[in-house]
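Results of the structural survey
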Amino acid sequence: MSIATAVSVLRVSSSRPGASAGHMTLADHLRELRARLIRSALVLVVAFFVSLLFFDPLLSLVLGPYNQARDLVGADTTTTAYVAGATGPLMLHLKLCGVAALMAASPYWLWQAWAFVVPGLLEREKRWSRVFAIVAGPLFIGGVALGYYVLPKGLGVLIGFTPDGLDNLVEFGDYFSFFTRMLLVFGLAVELPFFLVLLNLAGVVTGAQLGRHRSIILMGTVVFAAIATPSTDPFSMLMLAVPMMVLFVLAEVVTRLIDRRRRARTLAQVDPWNEG
């Protein structure tokens, strides 16, 4: 599809008369979805080519945890990162710049997805979706930053298992997959308590239920952190488990406050004389 065709699709979807949220037909929804997908794809393509200009700084950023881990193990273990095969360097550029473009363009394509869903929501649901959009992003970025800080120590422990007399060779493709997977785990892990608050707002769980199962949830958090972190050292596990436990306790406090306000509002509707 040419750029001219894409632009015409965008104009049709945005200027179609009578295509409001409450009057759109299935064909209108499909046209709008196609237009938003084309917009997002075009932004991703532009971000990809821009990221190619910053390949060297991006590569240094990705290799930062590995280089720190190599310094931690010192001269006891020889470790080297390498690129395998004739097509390896090309795949390195494509993978690294592709992931960078996906992350750099995420505010736009997430906004496109949100804008497609929001017209079908109720006013109260729209309000909470805005809260989600404001809080979820910084939480995820904070989790990714925490994972980036912990990763060198975990890698240092793993590389330290290399037996004497052997060198440790790290293929960049495997390392990059490991790198992105671990940052994603940390980013999503700190979102879990926030989802508990959203479930409470939806009426699925209550603060009292979270309190009754607090010990089980906290123990499950420790087990999850032990499985998710890459190394066997307790530092990496605690760096994931402790923030998750603190956020869970905070989520329980928030859900109890929400439940209290909900009960007071219900009581006021049933008996207006008992508002105080």
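Please read all numbers here as calculations on a predicted model, not as lab measurements. Residue numbering note: each chain is counted from 1, following its sequence as written. Thresholds applied to this predicted model are a pLDDT of at least 70 for local features of residues and 80 or more for the giving and counting of side-chain atom pairs; totals over whole chains, interfaces and linings are not thresholded and use all residues. The basis for every side-chain value is the complete set of non-hydrogen atoms in the structure, without hydrogens or water.

Side note on the overall build of the protein chain
Numbering of helices and strands starts at the N terminus; helices are DSSP runs of H or I of at least 4 residues and strands are runs of E of at least 2. Assigned secondary structure in the protein chain consists of 11 helices and two strands. Helices (α) and strands (β) of the protein chain occur, in sequence order from the N terminus, as α-α-α-β-α-α-α-β-α-α-α-α-α. Across the 276 residues that make up the protein chain, the buried fraction comes to 34%. Contacts in the protein chain between residues at least 24 apart in sequence constitute 80% of all its contacts with a sequence separation of at least 6. Of the roughly 16,600 Å² that the protein chain leaves accessible, carbon and sulfur atoms contribute 70%. For each residue, the accessible area found with a 1.4 Å probe, counting protein chains only, is set against the maximum for its type, and the residue is called buried under 20%, exposed over 50%, and partly exposed in between. Working rule for contacts: check all heavy atoms of both residues, and any pair within 4.5 Å makes them a contact. Each accessible area value is a Shrake-Rupley result obtained with a 1.4 Å probe; residue values ignore everything except the protein chains displayed when judging cover.

Digging into the nonpolar core
The biggest cluster of nonpolar side chains holds 37 residues, and the ones touching the most others in it are Leu59, Val62, Leu96, Phe172, Tyr175, Phe179 and Leu240. Tallying contributions element by element places helix H7 (residues 172-189) first for this core, with nine residues. Ignoring sequence-local partners within four residues, the contact set of tyrosine 175 consists of Val62, Leu63, Pro65, Tyr66, Leu155 and Val170. Take the buried Ala, Val, Leu, Ile, Met, Phe, Trp, Tyr and Cys residues and link them wherever side-chain atoms come within 4.5 Å; each set so joined is a nonpolar core.

Thoughts on the side chain of threonine 79
Among the secondary structure elements, threonine 79 is positioned in strand E1 (residues 79-82). The class for threonine 79 is buried, based on a relative accessible area of 5%. By the criterion applied in these results, polar contacts are pairs of N or O atoms within 3.5 Å in which, for protein atoms, one can donate a hydrogen and the other can accept it, and in which residues neighboring in sequence qualify only through two side-chain atoms. Side-chain polar atoms of threonine 79 contact the side chain of tyrosine 66, separated by 2.8 Å. Contacts of threonine 79, omitting those with residues within four sequence positions, involve Tyr66, Arg70, Ile159, Asn168 and Val170.

A closer look at a nonpolar patch on the surface
Patch criteria: residues need more than 30% relative accessible area and no salt bridge. Like-charged residues are merged within 9 Å; nonpolar side chains of Val, Leu, Ile, Met, Phe, Trp and Tyr are merged within 5 Å. Any Lys or Arg side-chain nitrogen located within 4 Å of an Asp or Glu carboxyl oxygen qualifies as a salt bridge. A contiguous nonpolar surface patch, about 410 Å² in accessible area, is contributed by Leu26, Leu30, Leu33 and Leu37. Checked against the element boundaries, leucine 30 lands in helix H2 (residues 26-53).

Points about the layout of surface pockets
The gaps of empty space that remain are located by a probe, the size of a water molecule, rolled over the atoms. The rule is simple: put a 1 Å grid over the protein atoms alone, call a set of points where a 1.4 Å probe fits but cannot get out a cavity, call an open set with protein on both sides within 12 Å along at least five of seven lines a pocket, and count a residue as lining if it has an atom within 4 Å of a point. Grid points are joined across faces, edges and corners, and a volume is the space filled by probe spheres set on the points. Of the volumes computed, that of the largest pocket is approximately 1,300 Å³. Around the largest pocket sit 37 residues that line it, and Met103, Ser106, Leu110, Phe140 and Ile141 are the ones nearest its centre. Listing elements by their share of the lining of the largest pocket, those giving two or more residues are helix H3 (55-73), helix H4 (88-104), helix H5 (106-117), helix H6 (123-159) and H7. Take the lining of the largest pocket: its biggest share by element is 11 residues, from H6. The residue makeup of the lining of the largest pocket, split by class, is 31 nonpolar, four polar and two charged. Charged means Asp, Glu, Lys or Arg here, nonpolar means Ala, Val, Leu, Ile, Met, Phe, Trp, Tyr, Cys or Pro, and polar covers whatever is left, Gly included.

A word on the UniProt feature "transmembrane region" (unreviewed entry) in the protein chain
UniProt positions are given in the numbering used here, feature names are shortened, and annotations may be inferred rather than shown by experiment. The UniProt record marks residues 41-63, 92-111, 131-151, 178-203, 215-232 and 238-258 with the feature "transmembrane region" (unreviewed entry), using the residue numbering of this structure. The span residues 92-111 shows a helical share of 95% and a strand share of 0%, and its end C-alpha atoms are spaced 29 Å apart.

Here's the deal with the packing of aromatic side chains
In this scheme Phe, Tyr and Trp rings, the latter by its six-membered ring, pair at centre separations within 6.5 Å, and the angle between planes marks the pair as stacked below 30 degrees, edge-to-face above 60, and tilted otherwise. For the structure shown, the criterion picks out seven aromatic pairs. Seen from their ring centres, phenylalanine 172 and tyrosine 175 are 6.4 Å apart, and the 50° between their planes marks the pair as tilted. Here phenylalanine 172 pairs with tyrosine 175, and both are found in helix H7, just three residues apart, close to one helical turn. Assigned by exposure class, phenylalanine 172 and tyrosine 175 land together as buried. Here phenylalanine 176 and phenylalanine 179 contribute two aromatic rings whose centre-to-centre distance is 6.4 Å and whose plane-to-plane angle is 15°, an arrangement assigned as stacked. You can see phenylalanine 176 and its partner phenylalanine 179 sitting in helix H7, three residues apart, about one turn around the helix.

Thoughts on the pairing of strand E2 (residues 168-171)
With burial as the criterion, only one face of E2 is covered, namely that bearing Asn168 and Val170; the residues Leu169 and Glu171 on the opposite face remain uncovered. In the sheet, E1 pairs with E2 via four bridges, with the strands oriented parallel. Directly across from threonine 80, in E2, lies its bridge partner leucine 169. Here a strand pair is declared whenever DSSP counts at least two bridges between the two strands.

Notes on the packing of H4 against H5
Each axis is a line fitted through C-alpha atoms, taken for helices only over the stretch in contact, and angles between the N-to-C directions span 0 to 180 degrees. Close contact between H4 and H5 brings their axes to 5 Å; oriented N to C, the two are set at 55°. Compared by their axis directions, H4 and H5 come out oblique. From H4, Leu102, Met103 and Ala104 reach across to H5, where they touch Ser106, Pro107 and Trp109. Here the residues of the contact of H4 with H5 sort into five nonpolar, one polar and no charged. Note that the term roughly parallel is reserved for angles under 35 degrees, roughly antiparallel for angles over 145, roughly perpendicular for angles of 65 to 115, and oblique for everything else.

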